[in-house]
Amino acid sequence: MDIENQKAVYPIGIVAELLGIHPRTLRIYEQEGLIKPDRRGGKRFYSNKDLQWLRCLRKLLTEEKLNIAGIKKLMSVAPAHIEELCGMEQE
């Protein structure tokens, strides 16, 4: 795995802007256990890998019409299927 993709460098405001969503949405995803950003000094920071997952998550919510409960269920029973749906590289 590329270390640079794992390095958490983006603050929540930048990630929200890049994804076109409100920072509160990212906090909801975190509360629901869909993402776990790094924390430094009480602030959230996201890596390139996190951004890739969040783009996938947004695709599942908007294009595939899944809800958060459905994504959580899919994550527990078929995580490879999520990677396939989003074209993510497998670890």
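Below is a summary of the structure that appears in this document. It should be emphasised that the depicted structure is a prediction, and the values quoted were computed from it without experimental measurement.

### Section: the overall build of the chain
Okay, so step 1: The secondary structure content of the chain amounts to six helices and three strands.
Okay, so step 2: Secondary structure elements of the chain occur, N-terminal to C-terminal, as α-β-α-α-β-β-α-α-α.
Okay, so step 3: Across its three principal axes, the chain shows a C-alpha extent of roughly 35 × 30 × 20 Å.
Okay, so step 4: Out of the 91 residues in the chain, the part that is buried amounts to 32%.
Okay, so step 5: For the chain, contacts bridging at least 24 residues in sequence account for 58% of all contacts bridging at least 6.
Okay, so step 6: Working note: accessible area of the chain is about 5,800 Å², and carbon and sulfur atoms make up 50% of it.
Okay, so step 7: One finds the centroid of the 15 positive side-chain charges in the chain at a distance of 9 Å from the centroid of its 13 negative side-chain charges.

### Some thoughts on unusual backbone geometry
Okay, so step 1: Positive phi values are uncommon outside glycine, yet Lys 65 reaches one of about 60 degrees.
Okay, so step 2: As for its placement among the helices and strands, Lys 65 is situated in the loop between α4 (48-62) and α5 (68-77).
Okay, so step 3: For Lys 65, a relative accessible area of 66% corresponds to the exposed category.

### As for the packing of aromatic side chains
Okay, so step 1: Summed over all chains, the structure comprises zero aromatic pairs.
Okay, so step 2: Between the NZ or CZ atom of Arg 40 and the centre of the ring of Phe 45, over which it lies, the distance is 4.0 Å.

### Some thoughts on helix α2 (residues 12-19)
Okay, so step 1: Among the residues of α2, those classed as buried are Ile 12, Val 15, Ala 16 and Leu 19. For α2, the angular spread of buried residues about the axis comes to 100 degrees, placing them on one side.
Okay, so step 2: In this fold, the buried residues of α2 make contact with β1 (10-11), α3 (23-31), β3 (43-46) and α4.
Okay, so step 3: Note on α2: the residue one or two positions beyond its end, Gly 20, has a positive phi of about 70 degrees.

Reading the values: rules and limits
Residues numbered from 1 in each chain as written. Predicted model: local features only at pLDDT ≥ 70, side-chain atom pairs only at ≥ 80, totals over all residues. Heavy atoms only, no water. Helix = DSSP H or I, 4+ residues; strand = E, 2+ residues; numbered from the N terminus. Buried < 20%, exposed > 50% of the residue type's maximum accessible area, 1.4 Å probe, protein only. Contact = heavy atoms within 4.5 Å. Areas by Shrake-Rupley, 256 points an atom, 1.4 Å probe, with all protein chains shown as cover. Lys, Arg positive; Asp, Glu negative; His and termini not counted. Charge placed at Lys NZ, Arg CZ, Asp CG, Glu CD. Phe/Tyr/Trp six-rings, centres within 6.5 Å; stacked < 30°, edge-to-face > 60°. Lys NZ or Arg CZ within 6 Å of the ring centre and 35° of its normal. Arc of directions from axis to C-beta.

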